[in-house]
Amino acid sequence: MAGGAGGTGGGVNSSSLLWSIVLSAFAAFGGILFGYDTGTIGGIIAMQDWLEKFGKFDTTGQLGWYIPTNDKSLVVSILSAGTFFGALCASPMADFVGRKRGLIASCAVFCLGVGLQLDTHWAVFIIGRVIAGLGVGLVSCLIPMYQSETAPKSIRGMIVGLYQLAITIGALLSAIVLNSTQHRPNHSSWRIPIAVQFVWAAVLAGGMFLLPESPRYLLLKGRQAEARASLGRLMTMDPDSPEVEAEALEINTALVVEQRVSQGGYMACFRNNEDKNGLRTWTGILMQGWQQLTGINFIFYYGTTFFKQAGISNPFIITIIADVVNTVMTIVGVQLIDRVGRRRLLLIGAAGMCVSEFIVAIVGVTAGHPGGIGGTAVNLPAQRVLIAFTCFYIAFFATSWGPVIWVLTGELFPLGVRAKSMSLAVASNWLWNFGIGYATPYLVDPPTTGPNGVNAANLGVKVFFIWGGTCVGCFIFTYFFIPETKGLSLEQIDLLYRESTIINSNQFRQRILDENQTFTKNFQDEKEAVEHGEDIKQSA
Ligand code: BGC
C-alpha cells in the first residue's frame, strides 16, 4: 500500500482511518504549549504584583512600579533564544531517542523551566524562561515531524494543521487565564497562569507515552519488527499483513535510496543531489522566515497598543478579538489544506494579506492617524476600517500561511535528512520571530529623549507598507519554490522532487496520483534498493 503511515486514506476502512486520525491528531496538543507560552509573558509583565517583585520603583512618582526597557526586552526575547537552540537540538534528539521519547523528554525540560519561573529571584526567572524556551523549541519541531510521519496521507495536511490550531487555542487560553487572575493581590496573579502549563505538559507527555513510535524513525534505525508493530497499530492491521509489509517496503526503499545519497551530517541537508536536499532545506528555512515576515507577530505581540491607538480602549477585548479571528479562521484553513492544496492556499493567502495590509497602511496614513501622529483628532470610521482590515489580514494568515507552513515543514524533506532539515527550518522561524519582535518597537515607536532615550523610526501605521511589501515577497517565493504536495505520501513527494519542477508540480502530482505511482515502483534501480533494504533488515 502506498501512502503515509496509516494508509492510503482510500484503502483503509473508516474505523481504522478514524483511529489513525486520533493517534496522529493527539500530538497537536503540543501546539498549546507553544501558543500559551508565547502568549502569557506580555500579560504577566504588566501585572502589578509581578512588577513589584521584579520591577523598579520610579521615585519621581510618574511611572510607579515599572520594568525598565532593557529588562523588558530581556524577559520577552530570552524565550526565543531558548526556542532557537531547542529547535536545533530537536534533530539529534529525534534521531537519537526517537520522536515519541523525544517529545516526552521535551515536556520534562519544559516543566523544569516552568517550575523555575515560579521563583521570585530575577536570575532564576530568566533561566526558567530560557529552559522553558528550550522545551517549546524542541516541541515545535518534534510535533510536526511525528504527525507527518504517522498521519494518513490523504488528511496529513489537516492533521498537521491541527497543530497550528492548537497554537492559536493556546494563545486564546492564555488571554483568558491572564484576564481572570490579573487582579489577584498576590503572587498567585502571575504564578497561576505560569503553573497552568504543567497541565499542558502532563497531558502531552502522558498521551505520547501511550502512542506508537513513528514507524519511519524505527525503520531509520533498522528496527523492522517494532516498525511493523507500530505500522500495524496506526493502520489497525495485523503487523504481518500484506498491507503493512507493502508500506514498510515503500518506506524502506525510499530510506535506502536517500541514505546512499545523503551521507555526511548537516552538509547532506545542503547537497544538491538527485533528491534536491539543498533546494528542499533552503525552501524550508526561507518559507519559515517568510511566514514571520508576513508581520503576523506584530499583531500578536504589539497589537494591543496598536488597536488602542486606533480608538478601542479595552485591550483585553482587542487581544481576544485577534485571538478569536485567528482560532476560528484556522479551523477553516485546516479544512482547506487537503482540498485547495498547499501551494494555491499560500498564493491566495499572500495576495489577501498584501491587499489588506496596504489598505490598513493607506487608510491609516491618509485618514486614521492611529499612531497619534501630531496629536490630531482621530477619524473613528477610518479607524474601524483599519480594525476590520487587520482582522481580514489575520483571517488570511490563519487560513493559509499559519497552518500550511507547518504542514510543509513536516513533509518537504527526505527521511535521511528530515530531522536535521526540519530543525533548521523551525530554528529559522524562531530566529526571525526574535529579530522581528525585537526590531519592531524601534521601527514603529516615536523616538524618546532623556537619559533612557531611544532612537526610533516612528513609522506608526506606515509599518504596514513594509508588511504589505513582504507579502509580495511571500507570493513570489511561493510561486517559484513551493510545490503542490496535496494527497501525496512522503515517499511520493521524494519522487516529485526527483522528477518534476516546482512550477509543474501540480500536473506531475496529478499524474502520480492517477497512475498510483509509488517510490518503489518508480525507482529505476529498484532491485538494488530492495537488496539494500534486505541488508538493513538482516542487520536489525
Ligand atoms: C507562527 C507564530 C505565530 C502564530 C500565530 C504560527 O504559525 O509560527 O509565530 O505567533 O502562528 O497564530
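What counts, and where the lines are drawn
Residues numbered from 1 in each chain as written. Predicted model: local features only at pLDDT ≥ 70, side-chain atom pairs only at ≥ 80, totals over all residues. Heavy atoms only, no water. Helix = DSSP H or I, 4+ residues; strand = E, 2+ residues; numbered from the N terminus. Buried < 20%, exposed > 50% of the residue type's maximum accessible area, 1.4 Å probe, protein only. Contact = heavy atoms within 4.5 Å. Areas by Shrake-Rupley, 256 points an atom, 1.4 Å probe, with all protein chains shown as cover. Near = heavy atom within 4 Å. Polar contact = N/O pair within 3.5 Å; in protein donor to acceptor, adjacent residues only side chain to side chain. Salt bridge = Lys/Arg side-chain N within 4 Å of Asp/Glu carboxyl O. Axes fitted to C-alpha atoms, helices over the stretch in contact; angles between N-to-C directions. Parallel < 35°, antiparallel > 145°, perpendicular 65-115°, else oblique. Left-handed = near helix turned anticlockwise from the far one by under 90°. Nonpolar A, V, L, I, M, F, W, Y, C, P; charged D, E, K, R; others polar. Phe/Tyr/Trp six-rings, centres within 6.5 Å; stacked < 30°, edge-to-face > 60°. Lys NZ or Arg CZ within 6 Å of the ring centre and 35° of its normal. Expected span 1.5 Å × (residues − 1). Arc of directions from axis to C-beta.

A. Representation of the overall build of the chain in the model. Along the backbone of the chain there are 23 helices and two strands. A total of 540 residues make up the chain; the buried ones form 56% of that total. Put simply, 76% of the contacts in the chain that link residues at least 6 apart link residues at least 24 apart. With the model as given, the accessible surface of the chain reaches about 20,500 Å², and the carbon-plus-sulfur share is 66%.

B. Geometry of the site of the ligand. Around the ligand, the surrounding shell consists of Gln 164, Thr 168, Gln 291, Gln 292, Asn 297, Asn 326, Phe 397, Gly 402, Trp 406, Asn 429 and Asn 433. Contact between the ligand and Gln 164: an oxygen atom at 2.7 Å from a side-chain N or O atom of the residue. Note that an oxygen atom of the ligand is positioned 3.1 Å from one of the side-chain N or O atoms of Asn 429. For the shell around the ligand, the secondary structure elements donating two or more residues are helix 7 (156-181), helix 12 (277-293), helix 17 (401-411) and helix 18 (418-444).

C. The arrangement of the pattern of salt bridges in detail. Enumeration over the complete set of coordinates arrives at 13 salt bridges. As a salt-bridge pair, Glu 226 and Arg 223 come within 2.9 Å of each other at their nearest N and O atoms. Look at Glu 226 and you get partly exposed, because its relative accessible area is 39%. In this structure, Glu 411 engages Arg 342 in a salt bridge whose closest nitrogen and oxygen atoms are separated by 2.9 Å. Within this pair, whereas Glu 411 is found in helix 17, its partner Arg 342 is found in helix 15 (residues 342-368), the two being separated by 69 residues in sequence. Here Glu 411 and Arg 342 have matching classes, each one buried. The network of salt bridges with common partners includes Asp 95, Arg 99, Glu 149 and Arg 418.

D. Here's a closer look at the packing of helix 20 (residues 490-499) against helix 21 (residues 505-515). In the contact formed by helix 20 and helix 21, the axes pass within 10 Å of each other and the chain directions differ by 130°. Looking at the two axes, helix 20 sits oblique to helix 21. The hand of the helix 20/helix 21 crossing is right-handed. Across the interface between the two elements, Gln 492, Leu 495, Leu 496 and Glu 499 from helix 20 touch Ser 505, Phe 508, Arg 509, Ile 512 and Leu 513 from helix 21. Taken together, the residues of the contact of helix 20 with helix 21 break down into five nonpolar, two polar and two charged.

E. The arrangement of the packing of aromatic side chains in detail. Per the counting criterion, the structure on display carries 24 aromatic pairs. Taking the centre distance of 6.1 Å and the plane angle of 55° together, the rings of Phe 54 and Trp 122 count as tilted. With Phe 54 in helix 3 (residues 48-54) and Trp 122 in helix 6 (residues 122-150), this pair connects stretches of sequence that are 68 residues apart. When its relative accessible area of 26% is taken as the criterion, Trp 122 is described as partly exposed. One aromatic cluster in this structure is built from Trp 50, Phe 54, Trp 122, Phe 125 and Trp 190. Taking the ring centre of Tyr 479 as reference, the NZ or CZ of Arg 343 above it sits at 5.2 Å.

F. Examining helix 5 (residues 99-116) more closely. Between the first and last C-alpha of helix 5 there are 26 Å, a value that for 18 residues agrees with the 26 Å anticipated at 1.5 Å per step. Restricting attention to buried positions, one finds in helix 5 the residues Arg 99, Lys 100, Gly 102, Leu 103, Ser 106, Cys 107, Phe 110, Gly 113 and Val 114. Along the axis of helix 5, the buried positions cluster into a sector of 150°, meaning they face one direction only. Its buried side turned inward, helix 5 meets helix 2 (30-44), helix 4 (69-96), helix 6, helix 8 (188-210) and helix 9 (215-220).

G. Representation of the environment of Gly 341. In this fold, Gly 341 is placed in the loop between helix 14 (315-340) and helix 15. Sequence spacing of Gly 341 and Val 404 is 63 residues, and the spatial spacing of their C-alpha atoms is 9.1 Å. Those residues in contact with Gly 341 that sit more than four places away from it in its chain are Leu 336, Glu 484 and Lys 486.

H. Region of the structure containing unusual backbone geometry. One non-glycine residue, Thr 236, lies in the positive phi region at around 45°. Take Thr 236: it is sitting in the loop between helix 10 (224-235) and helix 11 (242-261). Owing to a relative accessible area of 46%, Thr 236 belongs among the partly exposed residues under this scheme. One non-glycine residue with positive phi stands out, namely Asn 458, at about 55°. Note that Asn 458 resides in the loop between helix 18 and helix 19 (463-481).

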